[in-house]
Amino acid sequence: MSVHGGALARRRFLQFVGASPLWAAPAMADGAAAPSITSATQALNVFELQEVAARNIPPAHYGYLMTGVHDDKTVTANAAGYSRWGLRARRLVDVSRIDIGVTLFGQTFASPVALCPLSAQRAFHPDGELASARAAKARGALQMLSTVSSTSIEEVTKARGAPVWFQVYPTSDIEVAKALVRRADAAGAGAIVLTLDLLGGGMRRETMQRLARLDDRPCEACHGTPAERATQNLRRPNYQGIDTSRVRTLAAPAFTWDYVSTLRAVTKSPLLVKGIMTGEDAKLALRRGADGIIVSNHGGRSEDSLIATVEALPEVVAAVGGKAPIIVDGGIRRGTDVFKAIALGADAVAIGRPYIWGLGAFGEEGVAAAMRLIDDELLEAMRQCGVTRLADLGKANIQRLV
């Protein structure tokens, strides 16, 4: 994949990324920068994929991927939350055979690590969601597809070779959401995922805006005029054939729990709600017919709470009381993070930025590498702690450090 943008703009962008403790790949023990890898198979961790992705992805697109809101502190909090837990190592347990498979709503996956719904993946690689689907197929992993994906659910499902879960954004016109759900059901979606946390209201994604200034490509070439950009998401493939003329915003700041009940009545597929951060809301979601919970703050992109998803997880687990599956996303970078999340009560986890780093770095092979690396680290953690099945993981396997 070629480097985008003029030489000066690109140099300034890489200097910006290299100086950021949030984005820079970890240095080697002596403080020197690790040399860039040239293939996905060389990656030792997802951060090495990140380093290559930062060189391949256009600055404005990389800013869109990496930004949080305001000064990105909730993004940082998500990742830092996992460092507050350690693993309790156990000895002399037969760990020659370990099973990391997971079953959700009757669907069995080879790993508890799912791919988050992340929009417009052709912004990071020409193959976009199709590359992610092929990698998920090879891995036997769950893929969630964004409403505003670059490719339609029908095409992605074909590439995945199995049902994907379809994420729905509530809009100011609930009839559009109903139509999206019906389309997903017709395409054989394994579940519907309703995002609750994108409320609009002017949350500033400052890092995205700063990096856009470093991108010297004309935005109009891809995104059209400023007026056209305001409605560009409504022209994405999954909206084709749906009347969006009454949509005023893709966020729905006025919507209430009635929205969940309404979509529950539209579909017979499992319905999950994504964006839960408290026990109170978890209970309300179940009361309104949700079949599953995704603990999420949109990767730090939709709120400035400074509360990590892993910190909110135990409260949600207690509130749900085993009545529904729980998935957690946000800040997961290592297999040890997956181990800790499941020990705290999650049934599965979802990753976003790490697999897009792989996509931006090496396409399908990069996505596959990101999933493989995290799975391998999870297996290592389970051996270290004498655990052979995810179902056996619990709080006895971890220890609070701070």
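Owing to the predicted nature of the structure, the values given are computational and were not obtained by experimental measurement.

Give me the lowdown on the overall build of the protein, citing residues and values where you can.
Regarding its fold elements, the protein presents 16 helices and 12 strands. Here the protein holds 402 residues, and the buried ones make up 55% of them. A separation of at least 24 residues holds for 74% of the contacts in the protein among residues at least 6 apart in sequence.

Describe the environment of Arg 288, listing the residues and the values that go with them.
Its location among the elements puts Arg 288 in the loop between helix H12 (279–287) and strand S9 (292–295). Judged by its relative accessible area of 32%, Arg 288 is partly exposed. Residues Arg 288 and Leu 263 lie 25 residues apart in sequence; the distance between their C-alpha atoms is 9.9 Å. If sequence neighbours within four positions are ignored, Arg 288 has contacts with Trp 257, Asp 258, Val 260, Ser 261 and Arg 264. Engagement of the side chain of Arg 288 in a polar contact is seen with the side chain of Ser 261, the distance being 3.0 Å.

Tell me about the packing of aromatic side chains, and name the residues and values.
Enumeration over the complete set of coordinates arrives at three aromatic pairs. Measuring from ring centre to ring centre gives 6.2 Å for Phe 47 and Trp 357, while their planes differ by 40°; the resulting arrangement is tilted. Of the two residues, Phe 47 is situated in helix H2 (residues 46–56) and Trp 357 in helix H15 (residues 353–362); the sequence distance between them amounts to 310 residues. With respect to burial, Phe 47 and Trp 357 carry one shared label: buried.

Can you tell me about the packing of helix H5 (residues 128–139) against helix H6 (residues 153–160), naming the residues and giving the values?
Direction vectors running N to C along H5 and H6 enclose 30°, while the axes themselves pass 7 Å from each other. Overall, the two elements H5 and H6 adopt an arrangement that is roughly parallel. In this structure, the crossing between H5 and H6 has a hand that is right-handed. Along the contact surface, H5 presents Glu 129, Leu 130, Ala 133, Arg 134, Ala 136 and Lys 137, while H6 presents Glu 155, Val 156, Ala 159 and Arg 160. Its residues assigned to classes, the contact of H5 with H6 comprises five nonpolar, no polar and five charged.

Go over the sheet that holds strand S10 (residues 326–329) with me, naming the residues and quoting the values.
Read from one edge to the other, the open sheet built from eight strands follows the order S4-S11-S10-S9-S8-S7-S6-S5, with strand pairing classed as parallel. Looking at the sheet topology across the chains shown, the edges are occupied by strand S4 (113–115) and strand S5 (144–145). This element, helix H13 (residues 309–320), spans strand S8 (271–276), S9 and S10 of the sheet and lies at about 170° to S10.

Go over the pairing of S8 with me, naming the residues and quoting the values.
Across the six residues that make up S8, a large majority, six, are buried. Strand direction decides the pairing type here: strand S7 (residues 191–195) and S8, joined by four bridges, are parallel. Looking across to S8, one finds that Leu 194 is bridged to Val 273. Where S8 lies against S9, four bridges are found, and the strand directions are parallel. Residue Leu 272 lies in a different strand from S9, and its bridge partner there is Gly 292. Regarding topology, H12 serves as the crossover connection from S8 to the parallel S9, and that connection is right-handed.

So what's going on with unusual backbone geometry? Residues and values would help.
You will see that Phe 105, though not glycine, has its phi angle at about 55°, which is positive. Among the secondary structure elements, Phe 105 is positioned in the loop between strand S2 (102–104) and strand S3 (107–109). With a relative accessible area of 29%, Phe 105 lands in the partly exposed category.

Residue-level account of the pattern of salt bridges, with values.
The final tally for this structure, using the stated rule, is 15 salt bridges. In this structure, the salt-bridge partner of Asp 375 is Arg 139, at a minimum N-O distance of 3.1 Å. Taken together, the positions of Asp 375 in helix H16 (residues 364–384) and Arg 139 in helix H5 put the pair 236 residues apart, joining distant regions of the chain. A salt bridge links Glu 377 to Arg 334; the shortest N-O distance between them is 2.8 Å. Separated by 43 residues along the polypeptide, Glu 377 in helix H16 and Arg 334 in the loop between S10 and helix H14 (335–343) bring together distant segments of the chain. Residue Glu 377 is classed as buried on the basis of its relative accessible area of 12%. Beyond isolated ion pairs, a larger network of salt bridges with shared partners links Arg 84, Glu 311 and Arg 400.

Outline the nonpolar core, supporting the account with residue identities and numerical values.
Counting 104 residues, the largest nonpolar core has Phe 166, Ile 293 and Val 295 as its most contacted members. Setting aside its immediate chain neighbours within four residues, Ile 293 contacts Leu 272, Val 273, Ile 276, Ala 282, Ala 285, Leu 286, Val 316, Val 320, Pro 325, Ile 326 and Ile 327. Core analysis: the second largest hydrophobic core is formed by 15 residues, Phe 109, Ala 114, Ala 191 and Ala 350 among them.

Describe in detail H13, supporting the description with residues and values.
Here H13 is 12 residues long and its end C-alpha atoms lie 16 Å apart, about the 16 Å a rise of 1.5 Å per residue gives. Looking only at H13, the buried set comprises Thr 309, Val 310, Ala 312, Leu 313, Val 316, Ala 319 and Val 320. Down the axis, H13 shows its buried residues gathered within 150° of arc, on one side only. Of the surrounding elements, those touching the buried residues of H13 are helix H4 (73–80), S8, H12, S9, S10 and H14. Positive phi appears at Gly 321, one or two residues downstream of H13, with a value of about 60°.

Describe in detail the pairing of strand S6 (residues 165–168), supporting the description with residues and values.
By the alternation rule, side chains of S6 split into Trp 165 and Gln 167 and Phe 166 and Val 168, which are all buried. In this structure, S5 lies alongside S6, joined through two bridges in parallel fashion. Within S6, the position partnered with Met 144 by the bridge is Trp 165. After leaving S5, the chain enters H6 and then returns to the sheet as S6, a path that is right-handed. Note: S6 against S7, four bridges, orientation parallel. Bridge pairing in S7 places Trp 165 opposite Ala 191. Where the polypeptide runs from S6 across helix H7 (residues 174–186) and back to S7, its parallel neighbour, the crossover connection is right-handed.

About the criteria used
- Residues numbered from 1 in each chain as written.
- Predicted model: local features only at pLDDT ≥ 70, side-chain atom pairs only at ≥ 80, totals over all residues.
- Heavy atoms only, no water.
- Helix = DSSP H or I, 4+ residues; strand = E, 2+ residues; numbered from the N terminus.
- Buried < 20%, exposed > 50% of the residue type's maximum accessible area, 1.4 Å probe, protein only.
- Contact = heavy atoms within 4.5 Å.
- Polar contact = N/O pair within 3.5 Å; in protein donor to acceptor, adjacent residues only side chain to side chain.
- Phe/Tyr/Trp six-rings, centres within 6.5 Å; stacked < 30°, edge-to-face > 60°.
- Axes fitted to C-alpha atoms, helices over the stretch in contact; angles between N-to-C directions.
- Parallel < 35°, antiparallel > 145°, perpendicular 65-115°, else oblique.
- Left-handed = near helix turned anticlockwise from the far one by under 90°.
- Nonpolar A, V, L, I, M, F, W, Y, C, P; charged D, E, K, R; others polar.
- Pairing = 2+ DSSP bridges.
- Right-handed = clockwise from strand over helix to strand, strands pointing away.
- Salt bridge = Lys/Arg side-chain N within 4 Å of Asp/Glu carboxyl O.
- Core = buried A, V, L, I, M, F, W, Y, C linked by side-chain atoms within 4.5 Å.
- Expected span 1.5 Å × (residues − 1).
- Arc of directions from axis to C-beta.

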